[in-house]
Every structure is written in C-alpha cells, then in structure tokens.
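Here are the chains, one letter per residue:
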Amino acid sequence: MASSDVARHMISDENPRCLTIAGHVGFESLPDQLVNRSIQQGFCFNILCVGETGIGKSTLIDTLFNTNFDSSVCSHFHPNVRLKAQTYELQESNVRLKLTIVNTVGFGDQINKEDSYRPIVDYIDAQFEAYLQEEMKIKRSLFNYRDSRIHVCLYFISPTGHSLKTLDLLTMKKLDSRVNIIPVIAKADTITKAELQKFKLRLMNELVTNGIQIYLFPTDDETVAQLNASMNGHLPFAVVGSTEEVRLGNKMVKARQYPWGIVQVENENHCDFVKLREMLICTNMEDLREQTHIRHYENYRRCKLEETGFKDANLEKKPVKSSRQNLNILKEFIKKKD
C-alpha cells in the first residue's frame with residue numbers, strides 16, 4: 001500500500017461519514033444485549049471502610065444495603081492494623097451483586113500511629129497486582145475472574161467539629177492516588193447543624209490545602225450532571241446509621257432514639273444518609289468501578305511495567321481526571337460556600 005493510500009485510510013478512520021439507514025438493520029438491540037449479558041454475569045462492587053474502631057462503619061454498611069452482615073465487635077487492643085474482607089451475594093429483583101466489604105480492624109488504636117496507613121496501602125496494591133498477574137497470563141480468564149480491586153473507600157471522620165486529625169490527613173494522602181475516596185462524617189447527630197456546616201467547610205479547606213484528591217461525582221453525563229454537581233457541594237456527607245426501626249406516627253422508620261427525640265436516618269433534614277446512598281449505589285456505582293480500572297489500576301500497571309523496562313510511545317497521555325482538575329473544582333465549591 002502506497003504512503004498516500006495509508007494516509008487516506010487513516011483519515012477515513014478518524015473522520016467516519018454519517019449515513020442515514022434506509023431500513024431496519026438490527027444493531028439498535030445492542031444495548032439490550034449488553035444489559036442481558038450483564039444481568040446474567042452479575043456485578044461486583046468492593047468497598048473499603050477506613051475509620052477508627054467504634055465509629056460506626058459496620059452499622060452504616062448494614063443500613064446502606066438494608067441487611068445485617070456478619071460483623072463481630074472489635075476491641076481497641078490490636079497491636080497493629082489489619083484488614084478483614086468479607087464477600088456476600090446480594091440480589092435485588094433479578095440483579096445479582098457480589099459485594100465485598102473490607103474493614104480496617106484496629107485503625108487508630110495504637111500509640112504509635114505513624115505506619116497505620118501501610119497495611120491499607122499494601123492491601124490495595126496487592127489487589128492491583130493480582131489483577132495484573134491474571135492479565136499478563138498467556139491463557140487469561142478475565143471474564144470469570146473475581147475482581148477484588150477496591151472500587152471506593154468510605155473514609156469515616158470523627159465528628160469533633162474542629163479539624164482533621166494528622167492520621168486522617170496522612171492516610172488519605174497515601175490513598176488518594178490508589179482509590180476513589182468519599183469522606184463521610186460519622187455519627188453526625190452528635191454535633192449541631194451550625195457546627196456541622198462549619199466543620200464541613202473546614203474539612204474541605206484542609207483537603208484542598210493539603211492537596212488531597214477525593215472522588216467527585218462526574219458531571220460529564222447530561223442525565224445526572226445537575227444532580228451530581230449539586231451533591232458535590234454537600235461533601236463530605238454527614239451520616240447517621242441505624243438498622244433499628246422506631247414507630248413514628250403510623251409508620252416504622254429507621255432511626256436512633258434518644259431521651260430528647262428521634263433522629264431519622266432517611267430524613268434529609270436530619271442527615272446526609274440518603275444522599276450518600278443515592279450517589280454511591282443508585283447513580284455512580286458504575287463510574288466508581290470504571291474510574292478504578294481506567295485511572296487507579298492503569299496508573300499502577302503503568303508504573304509496574306515501566307519498572308520492568310517497558311515504555312509507551314505516547315507518554316503525554318493523561319488520566320481521565322487529573323488531580324489538578326479535581327482540586328480546582330473543590331476550590332470552586334468552597335468559594336461558593338464562603
């Protein structure tokens with residue numbers, strides 16, 4: 001093939017012609033085929049819960065998925081941080097979800113907390129490495145591979161009302177390049193509404209100041225752009241978890257009952273639990289899975305291959321979302337709040 005023919009061929013590939021179909025062909029059923037195959041195969045979603053012992057991690061997960069997972073009570077006397085992973089099969093209507101909950105046992109309980117983040121980082125990297133090894137096999141079986149890569153990290157922040165602890169800043173800084181972080185203020189019913197708003201703003205300022213990149217809900221899809229943009233302004237979510245039901249009028253509601261009154265978990269005037277559930281499960285679960293693969297895993301894979309001597313011809317290509325872009329967006333939200 002002559003060089004001019006190659007050039008014409010490349011141009012035609014890059015600029016396809018738009019044609020109108022005169023009759024029925026059938027590829028309009030492609031989305032239906034994808035849906036049917038996905039339902040048949042099932043989905044997986046892996047959540048990492050990072051937070052101090054007793055902060056309410058297990059209770060919130062139980063509340064999010066409206067079930068009772070097997071979770072034992074943890075003590076405060078662990079010599080070091082370890083991660084505990086449990087996998088469950090959930091089904092809603094005809095959709096099956098393989099859910100893995102990874103909990104940090106003993107996080108923040110040691111006197112010397114300097115390396116508390118290390119087991120978490122090692123675990124995330126180990127899941128990337130396992131996927132990379134499977135991908136590099138001569139005979140691969142990625143279709144049936146049980147993906148254990150972490151899709152989202154729910155980072156639980158103590159409701160102090162003051163600022164982030166050094167441990168929180170250090171841990172999130174080590175994790176933000178490896179996993180999608182959604183910060184949540186746990187047990188938000190322990191501080192007043194006015195204190196909570198000031199606390200949220202202070203936390204976001206600290207995250208930006210320290211260059212920590214959290215997961216921002218995507219606004220490039222027109223169908224959810226307005227909703228996601230609005231929810232980005234509510235970060236970090238202030239949540240309350242409870243699986244106990246309390247009678248309120250003629251109905252039973254999930255709530256926490258105190259001598260002075262009732263805090264309803266699903267009442268948006270009381271906390272941000274509904275916002276978190278909507279954003280995490282209903283609206284952006286697939287984007288979290290996608291960002292894990294095309295951004296965090298690809299970064300890990302590129303670094304590993306470069307260590308072994310492989311180099312890409314196109315080194316200028318950047319990830320879909322850069323840290324600088326997300327930090328700029330965060331700064332805009334903070335300015336609006338001010």
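Anyway, here's the lowdown on the structure attached to this text. (Residues numbered from 1 in each chain as written. Predicted model: local features only at pLDDT ≥ 70, side-chain atom pairs only at ≥ 80, totals over all residues. Heavy atoms only, no water.)

1. Structural notes on helix α9 (residues 285-307)
Stated formally: Put simply, DSSP H or I for four residues or longer makes a helix, DSSP E for two residues or longer makes a strand, and each gets a number counted from the N terminus. Expected span of a helix: the number of residues minus one, times 1.5 Å. The term bend refers to the angle at a residue between two fitted axes, each drawn through seven residues, those ending there and those starting there. When a residue's accessible area, from a 1.4 Å probe over protein chains only, is under 20% of the maximum for its type it is buried; when over 50% it is exposed; and in between it is partly exposed.
Taking 1.5 Å of rise per residue, the 23 residues of α9 would be expected to cover 33 Å, and the 32 Å separating its terminal C-alpha atoms lies within 8% of that figure. Of all the bends in α9, the greatest measures close to 35° and is centred on Glu298. Residues of α9 that are buried include every one of Met285, Asp287, Leu288, Gln291, Thr292, Arg295, His296, Tyr297, Asn299, Tyr300 and Leu305, and no others.

2. Observations regarding the pattern of salt bridges
Applicable threshold: One side-chain nitrogen of Lys or Arg within 4 Å of one carboxyl oxygen of Asp or Glu is enough to make a salt bridge.
Enumeration over the complete set of coordinates arrives at 13 salt bridges. Glu266 serves as the salt-bridge partner of Arg277, at 2.8 Å between the closest nitrogen and oxygen. Here Arg277 is found in helix α8 (residues 273-283), whereas its partner Glu266 is found in the loop between β9 (261-264) and α8, with 11 residues between them in sequence. Here Glu266 falls in the partly exposed class, since its relative accessible area comes to 40%. Where Glu286 meets Arg289, a salt bridge forms, and the shortest distance between an N and an O atom there is 2.9 Å. Here Glu286 and its partner Arg289 are both found in helix α9, three residues apart, which amounts to about one turn of the helix. If you follow the salt bridges from partner to partner, you end up with Lys200, Glu268, Asp272 and Lys275 in one network.

3. A closer look at the sheet that holds strand β7 (residues 245-248)
Applicable threshold: By this definition, two strands are paired if DSSP reports at least two bridges between them. Between N-to-C directions, angles cover 0 to 180 degrees, with each direction set by a line fitted to C-alpha atoms, over the stretch in contact for helices.
Taken in spatial order, the three strands of this open sheet run β7-β8-β9, and their pairing is antiparallel. Each of the sheet's edge strands pairs with one partner strand only, and the pair in question is β7 and β9. Adjacent strand axes in the sheet meet at a mean angle of 65° when their direction is disregarded. Where β7 lies against strand β8 (residues 251-258), four bridges are found, and the strand directions are antiparallel. Bridged to Leu248 within β8 is Lys251.

4. Topic: a nonpolar patch on the surface
Rules: A patch consists of residues whose relative accessible area exceeds 30% and which take part in no salt bridge; residues with like charges are grouped when within 9 Å of each other, and nonpolar side chains (Val, Leu, Ile, Met, Phe, Trp, Tyr) when within 5 Å. For every accessible area listed, the method is Shrake-Rupley and the probe measures 1.4 Å; residues are considered covered only by the protein chains on display.
Together, Ile21, Val25, Phe27 and Leu30 make up a nonpolar patch on the protein surface, roughly 410 Å² of accessible area in all. Note on placement: Ile21 falls in the loop between α1 (3-14) and α2 (30-41).

5. Some points on the packing of aromatic side chains
Let me state the cut-off plainly: The pairing test for Phe, Tyr and Trp rings, Trp by its six-membered ring, is centres within 6.5 Å, and the orientation test on the planes gives stacked under 30 degrees, edge-to-face over 60, and tilted for anything in between.
In the structure shown here, the tally under the stated rule is 10 aromatic pairs. Pairing Tyr131 with Tyr297 gives two aromatic rings, centres 5.0 Å apart and planes at 80°, and the pair type is edge-to-face. Pair noted here: Tyr131 is in helix α4 (residues 118-135) and Tyr297 is in helix α9, with a separation of 166 residues, a long-range link. Both residues of the pair, Tyr131 and Tyr297, belong to the buried class.

6. Details of a negative patch on the surface
Formally: The charge count treats Lys and Arg as positive and Asp and Glu as negative. His and the chain ends do not count. Throughout, a charge is located at the NZ atom of Lys, the CZ atom of Arg, the CG atom of Asp or the CD atom of Glu.
A cluster of acidic side chains, namely Asp220, Asp221, Glu222 and Glu290, defines a negative patch on the protein surface. Locating Asp221 in the fold gives a position in the loop between α6 (193-209) and α7 (225-232).

7. Some thoughts on α6
With 17 residues, α6 should reach 24 Å at 1.5 Å per residue; the first-to-last C-alpha distance of 24 Å fits that figure. When we look at burial in α6, the residues that qualify are Leu196, Phe199, Lys200, Leu201, Leu203, Met204, Glu206, Leu207 and Val208. Trailing α6 by a residue or two, Gly211 shows a phi angle of about 70°, which is positive.

8. A few points about the nonpolar core
Rules: Nonpolar core, defined: a set of buried Ala, Val, Leu, Ile, Met, Phe, Trp, Tyr and Cys residues in which side-chain atoms within 4.5 Å join the residues together.
Counting residues in each nonpolar core, the largest one holds 74 residues, and the members touching the most others are Ile47, Ile182 and Leu276. Among the elements that make up this core, the one with the highest residue count is α4 (seven residues).

9. Description of the packing of α4 against helix α5 (residues 166-175)
Angle between the axes and distance between the axes are the two parameters that describe a pair of packed helices. The criterion, for reference: Working rule for angles: under 35 degrees goes down as roughly parallel, over 145 as roughly antiparallel, 65 to 115 as roughly perpendicular, anything else as oblique. Handedness of each helix crossing follows the sense of rotation of the near helix against the far helix: counterclockwise by less than a right angle gives left-handed, clockwise gives right-handed. Should any heavy atoms of two residues lie within 4.5 Å, those residues are counted as being in contact. Each residue is assigned to one class: nonpolar for Ala, Val, Leu, Ile, Met, Phe, Trp, Tyr, Cys and Pro, charged for Asp, Glu, Lys and Arg, and polar for all the others, Gly among them.
Relative orientation of the contacting elements α4 and α5 amounts to 15°, with a least axis distance of 10 Å. Taken together, the axis directions place α4 and α5 in an arrangement best described as roughly parallel. Crossing handedness for the pair α4 and α5: right-handed. Contacts between α4 and α5 involve Ile120, Val121 and Ile124 from the first element and Thr171, Lys174 and Leu175 from the second. When its residues are assigned to classes, the contact of α4 with α5 shows four nonpolar, one polar and one charged.

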